[in-house]
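Geometric and topological summary
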Amino acid sequence: MTPTLAQQRISELVNELNEHNYKYYVLSQPTISDYEFDMLLEELKKLEEQYPQFLQPESPTQRIGGDITKNFAVVKHEYPMFSLANSYSREEVADFINRIYKTITDEKIEFTCELKYDGVAISITYENGNLTSAVTRGDGEKGDDITTNVKTISSVPIKLRENDYPLKIIARGEIYLPRKSFEIINKEREENGEPPFANPRNTASGTLKMQNSAIVASRKLEAFMYYFISDSISENSHFDLMLMAKKWGFRTPNPEKRFIQKCSTLDEIFSFIDFWNVKRFELPFDIDGVVIKVNHIPQQETLGYTAKSPRWAIAYKFKAEQAKTWLESISFQVGRTGAVTPVANLTPVQLAGTTVKRASLHNADQIEKLDVRIGDLVFIEKGGEIIPKITGVDLSKRSEYSTPFRYVENCPECQTPLIRKEGEALHYCPNEWECPPQLKGKITHFTSRKAMDIEGLGEETVELFFNTGLIRNVADIYDLKKEQLLSLERMAEKSVSNLLYAIENSKKIPFERVLFALGIRYVGETVAKKLARHFKNIKAIRNATHSELTQAEEIGEKIAESIQHYFAEEKNNTLLNRLISYELQFSLSEEQMSGTSSKLSGLSFVVSGIFSTFTRDELKENIEKNGGKVVGSISAKTNYLIAGENMGPSKKEKAEQLGIKIISEEEYKKLIG
Ligand code: IVH
């Protein structure tokens with residue numbers, strides 16, 4: 001291809017892909033399959049690699065991030081970012097409307113009701129249709145310039161569409177993390193032995209302040225835009241402006257989904273509020289209320305602003321579902337990393353449709369801040385979090401004999417004095433070689449599905465083997481003998497042989513998963529993969545210096561320190577040497593070294609949906625590396641359909657009609673061993 005043709009094709013692909021992105025993220029109406037999209041993206045990536053001089057700033061390949069921002073510049077907002085006055089009752093909303101009728105006496109007034117997104121406010125400037133800066137609210141006057149991170153969010157346009165957009169326009173909106181993505185991030189943190197994030201909003205806010213934009217891109221943030229500032233907007237109403245802005249490429253609230261609605265009476269406003277107060281739990285993201293705005297823009301201008309907020313809008317905040325109950329006791333859980341977390345045991349009470357017996361108390365500081373005491377009548381709330389939390393104490397019901405709660409000083413399981421490192425919220429039990437829940441936790445982590453995948457050695461069986469003294473650590477698993485197991489009451493012949501078979505089979509588990517299974521702090525699945533690929537064997541990791549470790553992709557100071565700490569401990573080395581002697585995989589296989597195998601040769605695959613351990617591209621690459629073929633659509637020749645989440649129903653139907661095997665991501669992994 002000549003450079004001229006390449007430039008032309010790059011331009012075509014950028015336009016075409018951005019158009020599909022718009023249809024997918026803004027209109028929620030894709031017209032091509034994910035596979036077709038990926039193929040076009042692949043073509044573009046290759047051309048851009050070959051001809052970097054033709055790379056366009058609005059290219060969808062630029063959304064994968066990678067740029068590092070050391071310090072975010074603080075910039076002044078051209079127009080201050082106002083907040084909204086809050087209301088909590090029908091009366092307060094009625095007062096708001098009456099106030100408006102007092103100022104605008106001679107015109108009909110229409111309102112819009114829309115969702116109040118519970119995320120992070122953002123102000124994004126577009127000049128000549130190009131995204132030029134994205135700034136956080138900050139104090140309303142000045143905020144942080146987080147342009148690089150915001151550009152990774154697919155629902156934020158980098159270049160506007162059509163040609164009738166204003167030459168300069170500031171879009172204001174909310175960036176949020178969908179609940180599903182929040183759960184995935186927390187699951188991964190849990191697996192890495194890191195404390196979970198509290199809720200999607202805090203996670204979104206923390207993510208936007210990360211220095212590495214590639215991590216931001218991987219977290220799948222989304223955005224809605226709900227307010228625009230420009231000198232040259234011809235729309236007269238907020239509602240019409242939202243529809244117009246959608247044409248320009250902005251993701252604005254969808255009236256068809258009732259995310260925005262025009263209302264003329266208080267009753268209509270309240271039917272919108274009542275609808276979302278119930279339905280909000282079915283949304284894929286958190287909202288914390290409804291925003292009511294005067295629809296007509298000239299009327300908004302007449303009403304103007306107070307020092308802090310517009311007079312033409314008000315937020316109605318939903319009450320968090322709340323209940324009161326007695327705090328019976330506080331217990332402490334010790335995790336595999338030794339982290340101690342307090343849990344409140346409550347007199348069972350109904351809250352948002354479920355019976356609640358336990359609530360989280362987070363850490364010692366939280367208990368002290370709330371001054372929660374055993375025997376108190378406490379308020380509990382269910383917000384975006386999965387486990388309800390204690391938010392306060394009804395002091396009028398406190399017994400005069402109650403005393404402040406004293407946080408445990410010793411491990412509740414092994415009595416070792418707890419430690420709390422500087423800057424960390426949690427207490428830790430340092431007795432990692434003796435403390436039973438830590439030992440058991442390490443073993444169950446080792447045997448878990450994503451690690452050594454030893455079926456039949458789950459939490460309960462580990463507990464049994466541990467309590468009977470059969471195993472104390474992960475190496476002991478490989479010393480288990482048939483007779484020992486048969487002598488246990490609950491173990492029948494069949495389950496014993498199955499278990500021994502599963503243990504033997506685990507010796508084939510690839511190096512990266514063995515590394516993850518060891519449970520080194522901060523070495524989760526992804527980090528283990530990167531380490532394995534970079535160092536190739538355990539010896540190289542063990543001998544690596546701090547700076548050699550940090551040279552590997554995604555290995556920062558904290559992880560390097562933790563790895564060195566692990567290998568500095570003699571007991572870990574003894575354990576490792578035993579595992580090596582049992583012939584577990586402690587180096588990359590030949591196939592992994594060369595990056596290929598022929599396990600899937602002659603087989604063809606269709607990939608559809610979203611996967612948890614692979615991106616779709618990674619999965620396809622993996623199939624090809626293993627000798628398989630990836631095809632775009634299902635035909636009689638297809639051997640497997642790998643089904644991820646949110647797979648379209650038509651693919652499934654077609655596969656079923658043709659009798660093609662539909663397998664999950666996990667089953668695929670089994671297929672390639
Ligand atoms: S309008 C000039 N609309 O809630 C008025 N704000 O607690 C601009 N928010 O500052 C705000 N959803 O960050 C507006 N549909 C919505 C909103 C919304 C969430 C946020 C916004 C605002 C805060 C006030």
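Scroll up a little and you will see the structure.
Read on for a plain summary of the structure.

What counts, and where the lines are drawn
Residues numbered from 1 in each chain as written. Predicted model: local features only at pLDDT ≥ 70, side-chain atom pairs only at ≥ 80, totals over all residues. Heavy atoms only, no water. Pairing = 2+ DSSP bridges. Helix = DSSP H or I, 4+ residues; strand = E, 2+ residues; numbered from the N terminus. Contact = heavy atoms within 4.5 Å. Axes fitted to C-alpha atoms, helices over the stretch in contact; angles between N-to-C directions. Near = heavy atom within 4 Å. Polar contact = N/O pair within 3.5 Å; in protein donor to acceptor, adjacent residues only side chain to side chain. Areas by Shrake-Rupley, 256 points an atom, 1.4 Å probe, with all protein chains shown as cover. Nonpolar A, V, L, I, M, F, W, Y, C, P; charged D, E, K, R; others polar. Salt bridge = Lys/Arg side-chain N within 4 Å of Asp/Glu carboxyl O. Buried < 20%, exposed > 50% of the residue type's maximum accessible area, 1.4 Å probe, protein only. Expected span 1.5 Å × (residues − 1). Arc of directions from axis to C-beta.

**Section: the sheet that holds strand β18 (residues 604-608)**
Read from one edge to the other, the open sheet built from 4 strands follows the order β19-β18-β20-β21, with strand pairing classed as parallel. If you trace the sheet from one side to the other, it starts and ends with β19 (629-630) and β21 (661-663), each paired once. Across 3 bridges, strand β20 (residues 640-643) lies against β21 in parallel orientation. Considered in β21, the bridge of Tyr640 is made with Lys661. Packing of helix α23 (residues 616-625) onto the sheet brings it into contact with β18, β19 and β20, and relative to β18 it is tilted by some 170°.

**Topic: the site of the ligand**
Around the ligand, a shell composed of 14 residues is seen, among which Glu114, Leu115, Arg137, Glu174 and Tyr226 lie nearest. Between a nitrogen atom of the ligand and a side-chain N or O atom of Glu114, the distance comes to 2.9 Å. Here Leu115 contributes a backbone N or O atom positioned 2.9 Å from a nitrogen atom of the ligand. Its free accessible area being 530 Å², the ligand has 91% of it covered by the protein chains. Breaking the shell around the ligand down by element, the ones donating at least two residues are β3 (111-117) and β10 (287-294). Along the lines of polarity and charge, the residues of the shell around the ligand split into 8 nonpolar, 1 polar and 5 charged.

**Some points on the pattern of salt bridges**
Overall, the coordinates contain 40 salt bridges when judged by the stated rule. The partner of Lys507 in a salt bridge is Glu504, with the nearest N and O atoms 3.3 Å apart. On the accessibility criterion, Lys507 (17% relative accessible area) is buried. Looking at Glu504, the relative accessible area reads 48%, which means it is partly exposed. A cluster of three or more residues bridged by salt bridges with shared partners is formed by Asp34, Asp38, Arg616 and Lys620.

**Some thoughts on helix α21 (residues 570-581)**
Residues three or four positions apart in an α-helix share a direction because the helix packs 3.6 residues into each turn. Given a rise of 1.5 Å per residue, 12 residues ought to cover 16 Å, and the 17 Å separating the end C-alpha atoms of α21 matches this to within 8%. When we look at burial in α21, the residues that qualify are Asn572, Asn573, Leu575, Leu576 and Leu579. For α21, the angular spread of buried residues about the axis comes to 160°, placing them on one side. Opposite the buried face of α21, at more than 90 degrees from it, the exposed residues are Glu570 and Ser581. The secondary structure elements touched by the buried residues of α21 are α12 (436-447), α18 (538-543) and α20 (557-568). In the stretch just after α21, Glu583 is the one whose phi turns positive, near 70°.

**Here we look at the sheet that holds β10**
If you walk across this open sheet you meet the 5 strands as β2-β11-β10-β3-β9, and the pairing is mixed. If you trace the sheet from one side to the other, it starts and ends with β2 (86-87) and β9 (260-263), each paired once. Where β3 meets β9, 4 bridges bridge the pair, whose relative direction is antiparallel. Paired with Phe111 across the two strands is Cys263, which belongs to β9. Lying over the sheet, helix α8 (residues 238-248) contacts β3, β9 and β10, oriented at roughly 155° with respect to β9. Together, β3, β9, β10 and β11 (313-317) form the strand contacts of helix α9 (residues 266-279), whose direction differs from that of β3 by roughly 20°.

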